[in-house]
Amino acid sequence: METEKTALYEFNKNIGAKFVPFAGYEMPIQFSAGIVEEHKSTRNEAGLFDVSHMGQLSIEGNHNLELALENIIPIDLKSIKLHQSKYSFLTNEKGGIYDDLIVTKVARGFNIILNAACKNNDFTIIKKALGDKFKLTLHNNLSLIALQGPKSSEILEKIVNKVSDLRFMHGNNFFYNNKNIYITRSGYTGEDGFEISIPNEFAEDFAKKLITEGEEVFKFGLGQSPFPVPKIVVDELQKHAHQKDYQNVSGLIGLREEVANYHSNKNQYKYNAESVIIGPGSKELIFQTQLVLNCDLLLPSPSWVSYEPQAQIINKKVHWIKTSAETNWHLDPEELDKTCDSLNSVNKLLILNSPNNPSGTTHGNLKELAEVAKKHNVVIIADEIYAELDF
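Residues numbered from 1 in each chain as written. Predicted model: local features only at pLDDT ≥ 70, side-chain atom pairs only at ≥ 80, totals over all residues. Heavy atoms only, no water.

J.: Give a description of the overall build of the chain that names residues and reports values.
T.: Across its full length, the chain carries twelve helices and 17 strands. Over its C-alpha trace the chain gives a radius of gyration of 23 Å, about what one expects of a compact globule, namely 21 Å for 391 residues. Projecting the C-alpha coordinates of the chain onto the three principal axes gives extents of approximately 65 × 55 × 45 Å. Of all 391 residues assigned to the chain, the portion counted as buried reaches 46%. For the chain, the accessible area works out to roughly 21400 Å², and carbon and sulfur atoms hold 52% of it. When the 40 positive and 50 negative side-chain charges of the chain are each reduced to one mean point, those points stand 4 Å apart. (Helix = DSSP H or I, 4+ residues; strand = E, 2+ residues; numbered from the N terminus. Rg over C-alpha atoms; globule rule 2.2 N^0.38 Å. Buried < 20%, exposed > 50% of the residue type's maximum accessible area, 1.4 Å probe, protein only. Areas by Shrake-Rupley, 256 points an atom, 1.4 Å probe, with all protein chains shown as cover. Lys, Arg positive; Asp, Glu negative; His and termini not counted. Charge placed at Lys NZ, Arg CZ, Asp CG, Glu CD.)

J.: Describe the sheet that holds strand β8 (residues 135–138), listing the residues and the values that go with them.
T.: Strand order in the open sheet formed by five strands is β5-β6-β7-β4-β8, and the pairing between neighbours is antiparallel. Both outer strands of the open sheet, β5 (85–91) and β8, are each paired with one neighbouring strand and no more. Pairs of neighbouring strands in the sheet enclose a mean axial angle of 25°, with direction left out of account. Here strand β4 (residues 55–60) pairs with β8 via four bridges, running antiparallel. Within β8, the position partnered with L57 by the bridge is L138. Helix α4 (residues 119–130) rests against β4, β5, β6 (97–106), β7 (109–114) and β8 of the sheet, and its axis sits at about 180° to β8. (Pairing = 2+ DSSP bridges. Axes fitted to C-alpha atoms, helices over the stretch in contact; angles between N-to-C directions. Contact = heavy atoms within 4.5 Å.)

J.: Explain the packing of aromatic side chains to me, and be specific about the residues and the numbers.
T.: Using the criterion set out here, one finds five aromatic pairs in the structure. Summarising the aromatic geometry, the rings of Y9 and F19 are spaced 4.6 Å apart at their centres and angled 35° between planes, so their arrangement reads as tilted. Separated by ten residues along the polypeptide, Y9 in helix α1 (residues 9–14) and F19 in strand β1 (residues 18–22) bring together distant segments of the chain. The same class applies to Y9 as to F19, namely buried. (Phe/Tyr/Trp six-rings, centres within 6.5 Å; stacked < 30°, edge-to-face > 60°.)

J.: Let's hear about the environment of N356: which residues, and what values?
T.: With respect to the element layout, N356 can be found in the loop between β16 (348–352) and α12 (366–376). Using a relative accessible area of 4% as the deciding quantity, one classes N356 as buried. Once the C-alpha coordinates of N356 and I112 are considered, the two residues, 244 residues apart in sequence, prove to be 39 Å apart.

J.: So what's going on with the pattern of salt bridges? Residues and values would help.
T.: Tallied over the full model, the rule gives 13 salt bridges. Put simply, E191 and R43 hold a salt bridge, and the shortest N to O gap is 3.4 Å. In this pair, E191 sits in the loop between β11 (179–184) and β12 (193–199) while R43 sits in helix α2 (residues 35–44), placing the two residues 148 residues apart along the sequence. Between R185 and D192 there is a salt bridge; the shortest N-O distance is 2.7 Å. Residue D192 is classed as partly exposed on the basis of its relative accessible area, which comes to 27%. Taken together, the salt bridges that share partners define one network made up of E70, D76 and K78. (Salt bridge = Lys/Arg side-chain N within 4 Å of Asp/Glu carboxyl O.)

J.: I'd like a description of the nonpolar core, backed by residues and values.
T.: The tendency in soluble globular proteins is for nonpolar side chains to be buried side by side. Formed by 29 residues in total, the largest nonpolar core has its most connected members in L57, I59, L69, I73, I112, I126 and L130. Listing elements by their share of this core, those giving two or more residues are β4, α3 (63–69), β5, β6, β7, α4, β8 and α9 (282–292). (Core = buried A, V, L, I, M, F, W, Y, C linked by side-chain atoms within 4.5 Å.)

J.: Got a sec to walk through the environment of N377? Specific residues and values, please.
T.: In this structure, N377 sits in the loop between α12 and β17 (378–382). Between the C-alpha atom of N377 and that of L349, which follows or precedes it by 28 residues, the distance is 9.2 Å.

J.: Give a detailed account of the sheet that holds strand β14 (residues 296–301), specifying residues and quantitative values.
T.: Ordered by their spatial adjacency, four strands build an open sheet running β15-β14-β16-β17, and the pairing between neighbours is parallel. A single partner strand is all that each edge strand has here, and the edge strands are β15 (318–322) and β17. Strand-to-strand twist across the sheet, computed as the mean angle between neighbouring axes with direction ignored, equals 25°. For β16 and β17, the ladder comprises five bridges, and the chain directions are parallel. Bridge pairing in β17 places L352 opposite A382. Along the sheet face, α9 touches β14, β16 and β17 and points at about 170° away from the line of β16.

J.: A description of the state of the cysteines should follow, citing residues and the corresponding values.
T.: A covalent bond between the sulfur atoms of two cysteines is referred to as a disulfide. Across all of its chains, the model carries zero disulfides by this definition. Cysteine C295 remains unbridged, with the sulfur of C340 as its closest cysteine sulfur at 12 Å. Overall, the relative accessible area of 10% leaves C295 in the buried class. (Disulfide = S-S within 2.5 Å.)

J.: Which residues make up unusual backbone geometry, and what are the values?
T.: With an omega dihedral of 5°, the bond running from S301 to P302 counts as a cis peptide bond. With respect to the secondary-structure elements, P302 resides in the loop between β14 and α10 (307–313). The phi dihedral of A23 falls on the positive side, at around 55°, and the residue is not glycine. Mapped onto the secondary structure, A23 falls in the loop between β1 and β2 (25–30). Taking relative accessible area as the criterion, A23 reaches 27% and is therefore assigned partly exposed.

Dropping the structure here:
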């Protein structure tokens, strides 16, 4: 099967890109400066990415569209404000996950960014779920450019007036060469950044202007670490090279089955592999959950250092609940109840460590905490970072 090329292919080629096939496209994996310099640039200045292989789907419809989409995208779409973006999932009829995606509410409906390797299949699934009631368009006439890094706002503002006013996970319509473009303040590098949806015929000119305005902007490929790969990993990759299909976003099914079986045996409760999601670490999964849920965050004090900064990044309100050394820093159900009473009309998410951080001891009042959570409809995440190390 012949690979496709983005509208920026020749531009990338002319500035020294090294290409590899990815998700059906010829994509730049790195440029002449090298991956290390590209990494440093995004952390200290700004990096420019061609991510036009991603799927850009627009769905037009009235208020019934929100209800229809909520059958397959498990977030409260009615509560999303105009031009606000949310991270979520595309689910099957059992609640299992086909793919992850970003949904943005726009005047005529919703814009959805789909993963490149899954976009055609995702489109088919969404089209089947919605039927012919709404207008769906998977845009092949649009490029997607990501500008990421601490100076991205300063650079982009020189080309697009007022774009720096955007808040994280929000977007809006702007004009470039008298043509409408849509920009969101978002990205995947952990730095401040923007994603620019622009007609293909203007993409190269726009990319050149970004580089001109930002003297330290580096051109970026999809490469990762420059460090040598251990031989045992190389051998395994060669052995399984034929198994190159894009994996389920929830993780390898075999691994999920093993996790479900382990906890089923340990806890004497039947867990299903479809309820297990594999991630690179609990903190990223917690961050993604906060993105999906429209809620305030409840945290015992003291708590793990990353929870509050994650919430601040996505503009979540944080409510601290005091604990004491006398109770091994365990959360008191009465204190949780008081806090929830004061936030009666607010959706709430509680992150709890059991075994506890910082004491490492197991909560003896989990049943009472669960009763309070049920009373106030609180979602609880158990970040069990000390699991099986408690005493």
